[in-house]
Amino acid sequence: MFRTKRSVLVRRLWRSRAPGGGEEEEEAAAGGEPGEAAAAEAWSHVCGGGRGCCPGKAGRGGRAAGPAEGELKALTHAVLKRLKERQLEGLLRAVESRGGVRTPCLLLPAKADSRLGQHWYPLPVLLCKVFRWPDLRHCSEVKRLPCCESYGGAQPELACCNPHHLSRLCELESPPPPYSRYPMDFLKPTDCPDSVPSSTETGGTNCLAPGGLSDSQVLQEPGDRSHWCVVAYWEEKTRVGRLYSVQEPSLDIFYDLPQGNGFCLGQLNSDNKSQLVQKVRSKIGYGIQLTKEVDGVWVYNRSSYPIFIKSATLDNPDSRTLLVHKVFPGFSIKAFDYEKAYSLQRPNDHEFMQQPWTGFTVQISFVKGWGQCYTRQFISSCPCWLEVIFNNR
């Protein structure tokens, strides 16, 4: 039977829908070693399951209970067949590349809804359910990425339905307590050896980077407001490459991605021969997207494996050890809040001014976690990780 190109594209899109089996569960499990999994399980009641994304736990398994497959297929085909051939091609590129390729917006009427079972879903939510998160239920669970034309509501009559122009919101399992003005966790010694991470076993001391330039000096040059953060890439206790200064509002950090601009970790020269480091490197893939927005700095996990984040503005700063938050693939988290960070700063007191301030630093590890829920107690034991240091001027 003769098939039009549009019908072929629709069939390919349906075959590329989100998996319903345990594939994502296996991938997430691959991110930790047996000892780590056991430790995380033992701490699940204490740490809130590793302090990850609540919706992500449901999304990692099979499809959420709901309408029959046939009803979902019929509705999806009805929506896709209303699209133009060019729109179908762009959507297919986005879905098959899992967001790795930059694709245009899929602009459709914003008020258009579709009924699935007993629920009416906006078209962006419906396509996200089909192609990314089968358990997604409401538009409040997703966040638009800056690459989207609908970001900020520039065209209220149209809405982008490209599922890879949205991310799933990573909500903390419980809100952090009120912030203290004098977090004791940040009173750290200033002496440390060269070439040691500025936030490792000591919890956040400013050590001299290779070349004699400290991270704090990079950020606090008088009159220098051109960059809003710098990024350092580490493999265990060794920093690889130079500090990467960020001027643009959004930065992609990836290992080996041929399309798009950003910080390519695969181009950095590394002498690390560890098999674990090599293995984790190969899993960084599309990596993360770091974006400075009005309400703070957001991190979007573009990879196929979890990432782990520690930030002073995510937790109670009075605690001796800040919690490490697990962020599943496809999820976004507000990793840094400028307003909270400024409220945490100590007054211009001589005693406190003698100590380094680490409230403007975020640590991110790929695939492997660290902290009280894992066998690795310090981030310097993680194979591949990032330190993001924000310009506080």
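Note that this is a predicted model, so its numbers are computed, not measured. (Residues numbered from 1 in each chain as written. Predicted model: local features only at pLDDT ≥ 70, side-chain atom pairs only at ≥ 80, totals over all residues. Heavy atoms only, no water.)

Caption draft 1: Quick peek at the pattern of salt bridges. Counting across every chain of the model gives 11 salt bridges. Between Lys5 and Glu85 there is a salt bridge whose closest N-O contact spans 3.5 Å. Pair noted here: Lys5 is in helix α1 (residues 5–15) and Glu85 is in helix α7 (residues 85–96), with a separation of 80 residues, a long-range link. Under the relative-accessibility criterion, Glu85 is labelled partly exposed at 30%. Taken together, the salt bridges that share partners define one network made up of Lys5, Glu85 and Glu89. (Salt bridge = Lys/Arg side-chain N within 4 Å of Asp/Glu carboxyl O. Helix = DSSP H or I, 4+ residues; strand = E, 2+ residues; numbered from the N terminus. Buried < 20%, exposed > 50% of the residue type's maximum accessible area, 1.4 Å probe, protein only.)

Caption draft 2: Structural context of unusual backbone geometry. Unlike most non-glycine residues, Arg98 shows phi in positive territory, near 55°. Relative to the helices and strands, Arg98 is located in the loop between α7 and β1 (107–109). A positive phi angle, close to 55°, is found at Glu236, a residue other than glycine. The topology assignment puts Glu236 in the loop between β7 (229–235) and β8 (238–246). Given a relative accessible area of 26%, Glu236 falls into the partly exposed group.

Caption draft 3: Seen up close, the sheet that holds strand β9 (residues 250–254). Spatially, 7 strands are ordered β4-β6-β15-β12-β11-β9-β10 in an open sheet, and the strand pairing comes out mixed. Here the strands that pair on one side only, and so sit at the sheet edges, are β4 (142–144) and β10 (263–264). Two elements, strand β12 (residues 296–301) and strand β15 (residues 331–336), share 4 bridges in a ladder whose sense is antiparallel. Each bridged residue has a counterpart across the sheet, and for Trp298 the counterpart in β15 is Lys334. (Pairing = 2+ DSSP bridges.)

Caption draft 4: Examining the packing of α1 against α7 more closely. Relative orientation of the contacting elements α1 and α7 amounts to 25°, with a least axis distance of 10 Å. The angle between α1 and α7 places the two elements in the roughly parallel class. Like other packed secondary-structure pairs, α1 and α7 cross with a definite hand, here left-handed. Here α1 contributes Lys5, Arg6, Leu9, Val10, Arg12 and Leu13 to the contact with α7, which in turn contributes Glu85, Leu88, Glu89, Leu91, Leu92, Val95 and Glu96. (Axes fitted to C-alpha atoms, helices over the stretch in contact; angles between N-to-C directions. Parallel < 35°, antiparallel > 145°, perpendicular 65-115°, else oblique. Left-handed = near helix turned anticlockwise from the far one by under 90°. Contact = heavy atoms within 4.5 Å.)

Caption draft 5: Quick look at helix α6 (residues 69–80). A rise of 1.5 Å per residue sets the reference length of α6, with its 12 residues, at 16 Å; its end C-alpha atoms lie 16 Å apart and thus fit the reference within 8%. The complete set of buried residues in α6 reads Leu72, Leu75, Thr76, His77, Val79 and Leu80. Looking at the packing, one finds that the buried side of α6 touches α1, α7, β2 (113–116) and α8 (123–131). (Expected span 1.5 Å × (residues − 1).)

Caption draft 6: Spotlight on the confidence of the model for the protein. On average, residues of the protein score 75 in pLDDT, and 67% of them reach the 70 mark or higher. Every residue in residues 21–50 is under pLDDT 50, and counting partners more than four places away or in other chains gives 49 contacts. (pLDDT = per-residue confidence, 0-100.)

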